[in-house]
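What the coordinates show
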Amino acid sequence: VAEGEPGEGREPFELPRFWDALGQTFQVTSQEATKLSLAFSRPPLPSAEDCRKLSEDVQNAILAVATVYYWLPKGQGTTLRKMVRDATTEVVEGMIQLTDTILNASEESLSQEQLISTGGVWEACEQVSNLPRDNQAAVVSALAACLGVVKDAVEEMEHALVEGQDPYGDIMEDEELGFRGNRDTYWSEADRQLLSSCMGLMKASKACLKKVLAAVKTHGKADSPEQIAQLDDLADIANEISPSVDELALSMYPPVNPLAVRLNAAKLASVLKKVLEIAKASHVCPPSEEGWVQFLTGAVDHNMNKVKNFTQGQL
């Protein structure tokens, strides 16, 4: 499941039929987990014949889950497929863990570990009801997750940059370092000027994800292969924003190396410009949305130019 590729089915693929079948196989797997766990919850242990029947039923349930997952062609969207694959993998891994727990149990009564493993399979199987139903919903969910991570990074950096605050105050005691006046733990005035432009780029990242997310919610469609592919392209490039924001944020902590900051800022700016280009060229960006694309492109350039000016002397 984790490595395999889907077979492009010969029959016409129907998304509603797929979801019905996947929901049913997840439900059956959940029931089989319960049966298996109950059989080994108290003495006497099941007979060899019962064990064979139980293991056969578990195996069939898991094979059914994997088979239905394989129905979902790539053409329905790689973002959607990844989310369904992750959910399917979790169900299979949950069942492996439950089986292992039962096989390795030393006593004949229900252990805490067995209860937790059974609950783990139930939880994994329930996930099917929360999965996005098409690639547009999958990309909305992926973009919202990226936005959440970037928001946290921006808030953390804003908090650290509060005037006069020691960025390491929460993790280092004075006694440990002795004299605190060294540049390794404080920002100079020049550092702060450079970092305010970097904050501008980080805020542009947040604004960019917010706007793209709203555009995909409003205008995104998953009716044609072209629309589905455009949404995947957006999700793929948006996935690069959060790691690029993190790298920039890490390089902003003292002692500041202006060249490292410049390099990470340039990387982030390049990712943001790409996101905006891909959004502008896609169906999620009708003429009514072009204003913010232009505005944010300008904001990225403006902040990047300021970073370049502040670091010019370092080259």
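Please read all numbers here as calculations on a predicted model, not as lab measurements.

What follows is about the overall build of the chain. Of the regular secondary structure elements, the chain holds 11 helices and zero strands. Walking the chain from its N terminus toward its C terminus, one meets helices and strands in the order α-α-α-α-α-α-α-α-α-α-α. Expected size for 315 residues packed as a compact globule is a radius of gyration near 20 Å; at 26 Å, the chain overshoots this value by more than 25%. Taking all 315 residues of the chain together, 45% fall into the buried category. In the chain, of all internal contacts separated by at least 6 residues, the share reaching a separation of at least 24 is 82%.

Glycine aside, the phi torsion of most residues is negative, and most peptide linkages are trans. A cis amide bond links Pro43 with the next residue in sequence, Pro44, at an omega value of -5°. Relative to the elements of secondary structure, Pro44 occurs in the loop between α1 (15–39) and α2 (48–71). Pro254 connects to Pro255 through a cis peptide bond whose omega is -5°. If you trace the backbone, Pro255 turns up in the loop between α9 (241–251) and α10 (258–280).

This paragraph deals with the packing of aromatic side chains. Tallied over the full model, the rule gives four aromatic pairs. By way of ring pairs, the aromatic residues Phe13, Phe18 and Trp19 are connected into one cluster. The ring of Trp19 carries the charged tip of Arg133 above its face, separated from the ring centre by 4.2 Å.

Our focus in this paragraph is the pattern of salt bridges. Close approach of charged atoms allows side chains with opposite charge to pair. Applying the stated rule across the entire model yields nine salt bridges. Across the salt bridge formed by Lys35 and Asp57, the nearest N and O atoms sit 3.5 Å from each other. With Lys35 in helix α1 and Asp57 in helix α2, this pair connects stretches of sequence that are 22 residues apart. What emerges from the salt-bridge pattern is a single network uniting Glu32, Lys35, Lys53 and Asp57.

This part covers the environment of Asn60. Mapped onto the fold, Asn60 is located in helix α2. The exposure class of Asn60 is partly exposed, given its relative accessible area of 46%. Taking the C-alpha atoms as reference, Asn60 lies 24 Å from Leu110; in sequence the two are 50 residues apart.

Bringing the nonpolar core into the picture now. Within the largest apolar cluster, 54 residues are counted, with the highest numbers of intra-cluster contacts made by Met157, Met202, Val216, Ile241 and Met252. When residues in this core are grouped by element, the largest group, 13 residues, is from helix α7 (residues 189–219). Other than its neighbours up to four places away in sequence, Met252 contacts Met157, Leu161, Trp187, Leu195, Cys198, Met199 and Met202.

For the rest of this paragraph, the subject is the domain arrangement of the chain. Under the domain assignment, the chain is made up of domain 1 (15–130) and domain 2 (135–166 + 178–311). Each of domain 1 and domain 2 has a C-alpha centre, and these two points are 40 Å apart. Contacts between the two partners involve seven residues from domain 1 and, on the opposite side, eight residues from domain 2. Overall, the association of domain 1 and domain 2 removes approximately 540 Å² of surface from exposure, summing both partners, and the carbon and sulfur fraction of that is 56%.

Here we take up the packing of helix α3 (residues 78–104) against helix α5 (residues 135–160). Interaxial distance between α3 and α5 falls to 8 Å at its minimum, and their mutual angle equals 75°. With respect to each other, α3 and α5 are oriented roughly perpendicular. Residues Thr78, Thr79, Leu80 and Met83 of α3 form the contact with α5, whose own contacting residues are Asn135, Ala138, Val139, Ser141 and Ala142. Class assignment for the residues of the contact of α3 with α5 results in five nonpolar, four polar and no charged.

The end-to-end C-alpha distance of α10 is 32 Å, a good match for the 33 Å that 23 residues give at a rise of 1.5 Å each. By the burial criterion, the buried members of α10 are Pro258, Val261, Arg262, Asn264, Ala265, Leu268, Ala269, Val271, Leu272, Val275, Leu276 and Ala279. Lining the buried residues of α10 we find α7, α8 (225–238), α9 and α11 (290–311).

Glancing now at a negative patch on the surface. Side chains of Glu90, Glu93, Glu123 and Glu126 sit close together on the surface and give a patch of like negative charge. Elements with a minimum of two residues in the negative patch: α3 and α4 (112–126). Of note, Glu93 is situated in helix α3.

A separate point is the packing of α1 against α4. Their axes nearest at 8 Å, the elements α1 and α4 cross at an angle of 170°. Overall, the two elements α1 and α4 adopt an arrangement that is roughly antiparallel. Side by side, α1 and α4 meet where Phe26, Thr29, Ser30, Ala33, Thr34 and Ser37 of the first sit next to Gln114, Thr118, Val121, Trp122, Ala124 and Cys125 of the second. Counted by class, the contact of α1 with α4 contains six nonpolar, six polar and no charged residues.

This brings us to the state of the cysteines. Overall, the coordinates contain zero disulfides when judged by the stated rule. There is no disulfide at Cys208, and the cysteine sulfur nearest it, in Cys285, is 10 Å away.

Basis of the calculations
Residues numbered from 1 in each chain as written. Predicted model: local features only at pLDDT ≥ 70, side-chain atom pairs only at ≥ 80, totals over all residues. Heavy atoms only, no water. Helix = DSSP H or I, 4+ residues; strand = E, 2+ residues; numbered from the N terminus. Rg over C-alpha atoms; globule rule 2.2 N^0.38 Å. Buried < 20%, exposed > 50% of the residue type's maximum accessible area, 1.4 Å probe, protein only. Contact = heavy atoms within 4.5 Å. Phe/Tyr/Trp six-rings, centres within 6.5 Å; stacked < 30°, edge-to-face > 60°. Lys NZ or Arg CZ within 6 Å of the ring centre and 35° of its normal. Salt bridge = Lys/Arg side-chain N within 4 Å of Asp/Glu carboxyl O. Core = buried A, V, L, I, M, F, W, Y, C linked by side-chain atoms within 4.5 Å. Domains from an automatic or database assignment. Buried area = accessible area lost by both parts, 1.4 Å probe. Axes fitted to C-alpha atoms, helices over the stretch in contact; angles between N-to-C directions. Parallel < 35°, antiparallel > 145°, perpendicular 65-115°, else oblique. Nonpolar A, V, L, I, M, F, W, Y, C, P; charged D, E, K, R; others polar. Expected span 1.5 Å × (residues − 1). Patch = residues over 30% accessible without salt bridge, like charges linked within 9 Å, V, L, I, M, F, W, Y side chains within 5 Å. Areas by Shrake-Rupley, 256 points an atom, 1.4 Å probe, with all protein chains shown as cover. Lys, Arg positive; Asp, Glu negative; His and termini not counted. Charge placed at Lys NZ, Arg CZ, Asp CG, Glu CD. Disulfide = S-S within 2.5 Å.

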